[in-house]
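A structural walkthrough
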Amino acid sequence: MGFREVPIESIEFNPFDRIGKQWMLVTAGDQEKFNTMTASWGAAGVMWGKKAVTVYIRPQRYTKEFIDTKDTFTLSFYKEEFRKTLSFLGSVSGRDQDKVKEAGLTPVSVDDTMAFEEADLVLVCRKMYHAPMPPENFDDKSNDEKWYPQKDYHVMYIAEITKVLVKE
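As annotated in an unreviewed UniProt entry, the protein chain carries the name Flavin reductase and is attributed to Candidatus Blautia pullistercoris. Within the UniProt record for the protein chain, the comment given under Sequence similarities (unreviewed entry) is "Belongs to the flavoredoxin family."

Here it is in structure tokens:
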């Protein structure tokens, strides 16, 4: 695997750019069976004294099944040349086809979960908390209409970042 582990403090990570603009892959499962999805919603910071990330997954997403049954998952980040790949991975379901193979990514096993050789940054994450995001908790009620016309409310996952890998 062409990665080296680094302390999280040594990386430059602007979540507004890396997550919101460049997107990421959320991947869970093991070598036997896994799935990945593209995400552009998330957060990074500190929770319960640990370096943490928050990701949001809709209930119909196939990757959610793997996140729910495993303790760990990865968030992986890519250079701009992979934009079309990330767009493709976010538009088709792994239930219906081998989208990773079709996308041309190379799966690699990392700490009991999966990532991809083509990433330039991988965060290995261990779940700490999850909760649904029901509409009655929205302080800004317009978010219900705007983001949830199908009433498919996200589940929020907070996870500790246990390892940071960068491309060698």
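Some thoughts on the pattern of salt bridges
Scanning the model with the defined rule gives 13 salt bridges in all. Residues Glu160 and Lys50 are paired through a salt bridge, measuring 3.8 Å at the closest nitrogen-oxygen approach. Taken together, the residues span a long stretch of sequence, with Glu160 in strand β10 (residues 155-167) and Lys50 in strand β5 (residues 50-57) at a distance of 110 residues. Judged by relative accessible area, which is 35%, Lys50 ranks as partly exposed. Overlapping salt bridges, with partners in common, bring together Arg18, Lys79 and Asp120 in one network.

Here's the deal with the UniProt feature "domain: Flavin reductase like" (unreviewed entry) in the protein chain
As recorded in UniProt, the feature "domain: Flavin reductase like" (unreviewed entry) lies at residues 18-166. As annotated, residues 18-166 comprises 21% helix and 43% strand, and the C-alpha atoms at either end are separated by 14 Å.

Here we look at the nonpolar core
One finds Val26, Phe73, Leu75 and Leu123 to be the most contacted residues of the largest nonpolar core, which totals 26 residues. With 6 residues, β10 is the single largest residue contributor to this core. Apart from residues no more than four positions distant in its own chain, Val26 is found in contact with Asn35, Thr36, Met37, Ala39, Ile57, Thr63, Ile67, Phe73, Thr74 and Leu75.

A few points about the packing of aromatic side chains
This structure, assessed with the given rule, holds 9 aromatic pairs. The interplanar angle of 70 degrees and the centroid separation of 6.0 Å between the aromatic rings of Phe138 and Tyr153 together place this pair among those described as edge-to-face. Taken together, the positions of Phe138 in the loop between β9 (121-132) and α5 (142-147) and Tyr153 in the loop between α5 and β10 put the pair 15 residues apart, joining distant regions of the chain. For Phe138, a relative accessible area of 11% gives the class buried. Residue classification places Tyr153 among the buried residues on the basis of a relative accessible area of 16%. What links up through ring pairs into an aromatic cluster is the set Phe138, Tyr148 and Tyr153. The positively charged end of Arg83 is found above the aromatic ring belonging to Trp23, 4.0 Å away from the centroid. For the cation-ring pair, Lys167 lies above Phe3, with the distance from its terminal atom to the ring centre recorded as 5.2 Å.

Criteria and cut-off values
Residues numbered from 1 in each chain as written. Predicted model: local features only at pLDDT ≥ 70, side-chain atom pairs only at ≥ 80, totals over all residues. Heavy atoms only, no water. UniProt positions renumbered as here; feature names shortened; annotations may be inferred. Salt bridge = Lys/Arg side-chain N within 4 Å of Asp/Glu carboxyl O. Helix = DSSP H or I, 4+ residues; strand = E, 2+ residues; numbered from the N terminus. Buried < 20%, exposed > 50% of the residue type's maximum accessible area, 1.4 Å probe, protein only. Core = buried A, V, L, I, M, F, W, Y, C linked by side-chain atoms within 4.5 Å. Contact = heavy atoms within 4.5 Å. Phe/Tyr/Trp six-rings, centres within 6.5 Å; stacked < 30°, edge-to-face > 60°. Lys NZ or Arg CZ within 6 Å of the ring centre and 35° of its normal.

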